Amino acid sequence: ENSTPEQQRCKALVDQGPWEGLPDCGYPEPPDSVAEALARTLKHREDIINANCVKDKAKVEEALLCALTTLTGQACSVQDKEMAVALMYIRDRINVPRDMSIWAARRMRKALTQTAAAAGPVQALPIPIDNRYDQQPTEFSRAGA
């Protein structure tokens, strides 16, 4: 992090969107970015739900399925603050390229944010900087790459 105004602007866009127009990708969006985001999320759905900070896993699952509906272009939103926190927790932890390509991640982050917006402003737990126990690779390796 170099703390220049441009770097700070881009950092805020990466963290919170909007994700269009970021100078981090030199190739156009492929036509399958939404399909990739759906496939990768559905493949790891159970692990994503179980790793979430929200204790009520039924709420996490319902919120995630609503976000995937939003990703496909259909309207779906959550009013419940806990469900919105669950979505922001997922959004903040999508990793490129580990989880999906940059374009798929942009589409997924946008869908998660849009779906949670009706609940009002919420914040998920901050990403720890001293450890990353919230992202244990062994929890996700069962499903394969």
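Nothing here was measured: the structure is a model prediction, and the numbers come from that model.

## Some remarks on the overall build of the chain
Counting its regular elements, the chain contains seven helices and zero strands. Counting only residues that meet the buried cut, the chain has 37% of its 145 residues in that class. Across the chain, contacts joining residues at least 24 apart in sequence account for 71% of those joining residues at least 6 apart. Working note: accessible area of the chain is about 8,300 Å², and carbon and sulfur atoms make up 57% of it.

## A short note on the state of the cysteines
In this structure the tally under the stated criterion is one disulfide. Each sulfur of the disulfide joining Cys66 and Cys76 lies 1.9 Å from the other. Negative torsions about the S-S bond denote left-handed disulfides, and the value of about -120° found for Cys66 with Cys76 makes this one left-handed. One end of the pair, Cys66, is in helix 4 (residues 57-71); the other, Cys76, is in the loop between helix 4 and helix 5 (81-93), with 10 residues separating them in the sequence. A relative accessible area of 6% means that Cys66 is categorised as buried. Residue classification places Cys76 among the partly exposed positions, given a relative accessible area of 27%.

## Examining the nonpolar core
Leu71, Val78, Leu87, Met100, Met108 and Leu112 are the most contacted members of the largest nonpolar core, which has 32 residues in total. For this core, the elements supplying multiple residues, two or more each, are helix 2 (33-43), helix 3 (45-51), helix 4, helix 5 and helix 6 (102-116). Examining the composition of this core, we find that eight residues originate from one element, helix 5, more than from any other. Setting aside its immediate chain neighbours within four residues, Val78 contacts Ala63, Cys66, Met83, Ala84, Leu87, Thr115, Ala116, Ala118 and Ala119.

## Concerning the packing of aromatic side chains
Overall, the coordinates contain zero aromatic pairs when judged by the stated rule. One residue, Arg93, lies across the ring of Tyr89, its end atom 3.7 Å from the ring centre. Above the ring of Trp103, the side-chain terminus of Arg106 is found at 4.4 Å from the ring centroid.

## Section: helix 4
Look at helix 4: 21 Å from first C-alpha to last across 15 residues, which is about the 21 Å you get at 1.5 Å a residue. When helix 4 is considered as a whole, its buried residues turn out to be Val60, Ala63, Leu64, Cys66, Ala67, Leu68, Thr70 and Leu71. Buried residues along helix 4 sit against helix 2, helix 3, helix 5 and helix 6. Where helix 4 starts, the residue carrying a side-chain oxygen 3.2 Å from the main-chain nitrogen of Ala58 turns out to be Asp56. Taken from the residues just after helix 4, Gly73 is the one with a positive phi, measuring 100°.

## Side note on the packing of helix 2 against helix 6
With their axes 8 Å apart at the nearest point, helix 2 and helix 6 run at an angle of 75° to one another. One way to sum up the angle between helix 2 and helix 6 is to call them roughly perpendicular. For the pair formed by helix 2 and helix 6, the contact residues are Ser33, Val34, Glu36, Ala37 and Thr41 on the first element and Trp103, Ala104, Arg107 and Met108 on the second. Residues belonging to the contact of helix 2 with helix 6 are distributed by class as follows: five nonpolar, two polar and two charged.

## Observations concerning the environment of Asp56
Considering the arrangement of structural elements, one finds Asp56 in the loop between helix 3 and helix 4. Note on Asp56: relative accessible area 33%, which makes it partly exposed. Residues Asp56 and Met83, 27 residues apart in the sequence, show an inter-C-alpha distance of 9.1 Å.

Quick notes on the rules
Residues numbered from 1 in each chain as written. Predicted model: local features only at pLDDT ≥ 70, side-chain atom pairs only at ≥ 80, totals over all residues. Heavy atoms only, no water. Helix = DSSP H or I, 4+ residues; strand = E, 2+ residues; numbered from the N terminus. Buried < 20%, exposed > 50% of the residue type's maximum accessible area, 1.4 Å probe, protein only. Contact = heavy atoms within 4.5 Å. Areas by Shrake-Rupley, 256 points an atom, 1.4 Å probe, with all protein chains shown as cover. Disulfide = S-S within 2.5 Å. Core = buried A, V, L, I, M, F, W, Y, C linked by side-chain atoms within 4.5 Å. Phe/Tyr/Trp six-rings, centres within 6.5 Å; stacked < 30°, edge-to-face > 60°. Lys NZ or Arg CZ within 6 Å of the ring centre and 35° of its normal. Expected span 1.5 Å × (residues − 1). Polar contact = N/O pair within 3.5 Å; in protein donor to acceptor, adjacent residues only side chain to side chain. Axes fitted to C-alpha atoms, helices over the stretch in contact; angles between N-to-C directions. Parallel < 35°, antiparallel > 145°, perpendicular 65-115°, else oblique. Nonpolar A, V, L, I, M, F, W, Y, C, P; charged D, E, K, R; others polar.

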